[in-house]
Amino acid sequence: MLFIGPPGSGKGTQAERISERLDVVAISTGDIFRANVKGETALGVEAKKYMDAGDFVPDSVTNKMVRDRLSEDDLGTGFLLDGYPRTIAQVDHLDEILATGEEKLDLVLQLTADDEELVHRLLGRAKETGRSDDNEAVIRHRLDLYHEQTEAVVAKYAERGILTQVDGIGAVDEVAGRLIAAIEA
Ligand code: B4P
């Protein structure tokens, strides 16, 4: 299963809940990058340059990281990917990984919310956590990238008939309820 949505739509927030509820491993590319930045690994040093500017980390770096993560043996019967793929090149790469393992995607959930609500939420998070990519100019750049590149990813999964849109506006529990209903359906 995939979670796709613009920055601040609640991907990370909801992936954690759904992962617990369904007992599936949630993998967030953003979290893996942030853990590497914190640990000052070579990957973290490389990724930080892009993340602080609100840019995508290059596909070559991100794809290799996801391939490595998906080859670990803790995935059980399935997994939930949060924040990947964000580009068409990443879709192609994920297709390749899944084909090799004779696996397939069951469901792609797209969380939706309008840009002004997202900017408001992320500025709120900036006050609480001080994340280096949560300032207004960088947030707006991340939203532009979502519209320019990730909406094409959404369209691709819609064509394949596995996309469900879920309204991300409302209380966290309310949105979680909508996601569970979409998964059950
Ligand atoms: P991410 O970590 O994925 O950051 P994000 O898009 O901001 O989403 P996140 O999951 O953190 O936030 P959420 O919507 O849950 O990526 C960070 C960076 O890593 C990217 O900019 C990029 O540089 C790099 N990266 C990651 N994946 C990549 C890829 N595949 N390719 C290339 N580069 C990649 O929540 C946001 C806030 O909203 C929170 O404060 C939360 O409390 C609040 N919120 C959530 N739900 C709410 C609700 N219902 N109501 C009110 N507030 C809510």
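Each value, and the rule that gives it
Residue numbers restart at each chain and count upward from 1, following the sequence in its written direction. This being a predicted model, a pLDDT of at least 70 is required before a residue's local features are given, and a value of 80 or more before pairs of side-chain atoms are given or counted; all residues contribute to the totals for chains, interfaces and linings. The basis for the side-chain values is all heavy atoms of the structure; hydrogens and waters are excluded. Being near a molecule or strand, for a residue, means having at least one of its heavy atoms within 4 Å of it. Whenever a nitrogen or oxygen atom comes within 3.5 Å of another N or O atom, the pair is scored as a polar contact, on the condition that within protein one atom can donate a hydrogen and the other can accept it, and that pairs from neighbouring residues in sequence are kept only if both atoms are in side chains. Per-residue accessibility takes into account occlusion by the displayed protein chains alone, with areas from the Shrake-Rupley method and a 1.4 Å probe. Strands here are runs of E lasting at least two residues and helices are runs of H or I lasting at least four, both read from the DSSP assignment and numbered beginning at the N terminus. Charged residues are taken to be Asp, Glu, Lys and Arg, nonpolar residues to be Ala, Val, Leu, Ile, Met, Phe, Trp, Tyr, Cys and Pro, and polar residues to be all remaining types, Gly included. Here a residue-residue contact requires only that any non-hydrogen atoms of the pair lie within 4.5 Å.

> Looking at this model, I keep getting lost on the site of the ligand. Mind explaining?
If you check the shell around the ligand, you find 30 residues, and the closest are Gly10, Thr29, Asp55, Arg86 and Arg142. Between the ligand and the protein, one listed contact pairs a nitrogen atom with a side-chain N or O atom of Gln90 at 2.9 Å. Within the complex, the protein chains bury 88% of what would otherwise be the 1,000 Å² of accessible surface of the ligand. Elements with a contribution of two residues or more to the shell around the ligand: α1 (11-22), α2 (29-38), α6 (115-129) and α8 (172-184). If one sorts the elements of the shell around the ligand by residue count, α2 sits on top with four residues. Grouping the amino acids of the shell around the ligand by side-chain chemistry returns ten nonpolar, twelve polar and eight charged.

> How do you make sense of the side chain of Arg69 when you look at a structure like this?
Checked against the element boundaries, Arg69 lands in helix α4 (residues 59-70). When residues no more than four places from it in sequence are discounted, the contact partners of Arg69 are Val25, Ile27, Ile32, Asp74 and Leu75.

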